[in-house]
Amino acid sequence: KNEVEQSPQNLTAQEGEFITINCSYSVGISALHWLQQHPGGGIVSLFMLSSGKKKHGRLIATINIQEKHSSLHITASHPRDSAVYICAVPGGSEKLVFGKGTKLTVNP
Amino acid sequence: DTGVSQDPRHKITKRGQNVTFRCDPISEHNRLYWYRQTLGQGPEFLTYFQNEAQLEKSRLLSDRFSAERPKGSFSTLEIQRTEQGDSAMYLCASSYLSGTGVSQPQHFGDGTRLSIL
């Protein structure tokens, strides 16, 4: 069974700061997902990546398959980035295994 | 593409009552997943369907839980004789698995928040 660890659990930043959230997993995977969950529950898929780096706006996701580690970066953070960021990996049979999430608060 | 729709958004009920949630996936998606999320935790897998076939159930899915996807489109999740521990967010997701076995990212609904009094 794949175990997913995220750090930090909580993160508070000032607007404009560069944010890094880390994810480690225990078993080799085909792809890793970064998800965003706003208060109220809805989950939005940010990235699915299997190697290297992906960029979307101010968000950058990187993955190191050998080290079983991924990072999510947010450049020039903004209060609207405040949310829970969740890392997820395949757990067999296409289902996802999720980390506990990182709660990000960006203060103006 | 109207996204994954879940109904209701919130459900408050007394312990011992039965509840049923509905999920409408993205129309062309053949896979549908149910997850449960308790406070401060990441979602946990409950079950998934490929078209109308239920292919896997988690040990979390006790015999009080039943899920169906009768026509391979919408799905329902029923909990009988609810208990306090059933209080959680129930999330539905859908995806498309191609004939060549390539799976697309899962799209999530906004969830149904269940509170047991």
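Here the structure is shown first, and the text comes after it.
The rules behind each value
- Residues numbered from 1 in each chain as written.
- Chains lettered and ligands numbered in written order.
- Predicted model: local features only at pLDDT ≥ 70, side-chain atom pairs only at ≥ 80, totals over all residues.
- Heavy atoms only, no water.
- Helix = DSSP H or I, 4+ residues; strand = E, 2+ residues; numbered from the N terminus.
- Buried < 20%, exposed > 50% of the residue type's maximum accessible area, 1.4 Å probe, protein only.
- Contact = heavy atoms within 4.5 Å.
- Salt bridge = Lys/Arg side-chain N within 4 Å of Asp/Glu carboxyl O.
- Core = buried A, V, L, I, M, F, W, Y, C linked by side-chain atoms within 4.5 Å.
- Buried area = accessible area lost by both parts, 1.4 Å probe.
- Polar contact = N/O pair within 3.5 Å; in protein donor to acceptor, adjacent residues only side chain to side chain.
- Nonpolar A, V, L, I, M, F, W, Y, C, P; charged D, E, K, R; others polar.

J.: Quick question: what am I supposed to make of the overall build of chain A here?
T.: If you tally the helices and strands in chain A, you get zero helices and eleven strands. For chain A, the α and β elements follow one another from N to C terminus as β-β-β-β-β-β-β-β-β-β-β. Across its three principal directions, the C-alpha atoms of chain A cover 40 × 30 × 20 Å. Every one of the 108 residues in chain A was classed for burial, and the buried ones make up 44%. Sequence-distant contacts, at least 24 apart, represent 53% of the contacts inside chain A between residues at least 6 apart.

J.: Just to check I follow, could you spell out the pattern of salt bridges for this structure?
T.: Residues and elements named next belong to chain B. The final tally for this structure, using the stated rule, is six salt bridges over all chains. Close ionic contact of R9 with D110 constitutes a salt bridge, the shortest N to O distance being 3.9 Å. With a gap of 101 residues between them, R9 in the loop between β1 (5–7) and β2 (10–13) and D110 in the loop between β10 (107–108) and β11 (112–116) connect regions that are remote in the sequence. The partner of E83 in a salt bridge is R64, with the nearest N and O atoms 3.4 Å apart. Of the two residues, E83 is situated in the loop between β8 (75–79) and β9 (88–95) and R64 in the loop between β6 (53–57) and β7 (65–68); the sequence distance between them amounts to 19 residues.

J.: What's the story with the nonpolar core in this structure? I'm lost.
T.: Inside soluble globular proteins, nonpolar side chains tend to come together where they are buried. The biggest cluster of nonpolar side chains holds 24 residues, and the ones touching the most others in it are L32 and W34 of chain A. Filtering out sequence-adjacent residues up to four positions away, L32 of chain A remains in contact with C23, Y25, F47, M48, L49, I63, S70, C87, A88 and V89 of chain A. Formed by 19 residues, the second largest nonpolar core is a distinct cluster that contains V4, F49, A88 and L114 of chain B.

J.: Could you clarify how one ought to interpret the interface of chain B and chain A in this entry?
T.: As a measure of interface size, the accessible area lost when the parts come together is often cited. The interface of chain B with chain A comprises 20 residues on the first partner and 18 residues on the second. When chain B packs against chain A, the two sides together hide about 1,500 Å² of surface, and 55% of this comes from carbon and sulfur. When the buried surface of chain B facing chain A is broken down by residue, P43, P105 and F108 of chain B rank first, second and third, together holding 28% of it. Of the charged contacts in the structure, one is a salt bridge between K95 of chain A and E56 of chain B, with a shortest N-O distance of 2.7 Å. Here chain B and chain A share three residue pairs in polar contact (both at pLDDT 80 or more) between them. For the side of chain B that touches chain A, the secondary-structure elements that each account for two or more residues are β4 (31–37), β5 (44–50) and β9 of chain B. Per-element accounting of the side of chain B that touches chain A gives the leading share, four residues, to β4 of chain B. Residues that form the side of chain B that touches chain A fall into these classes: nine nonpolar, seven polar and four charged.

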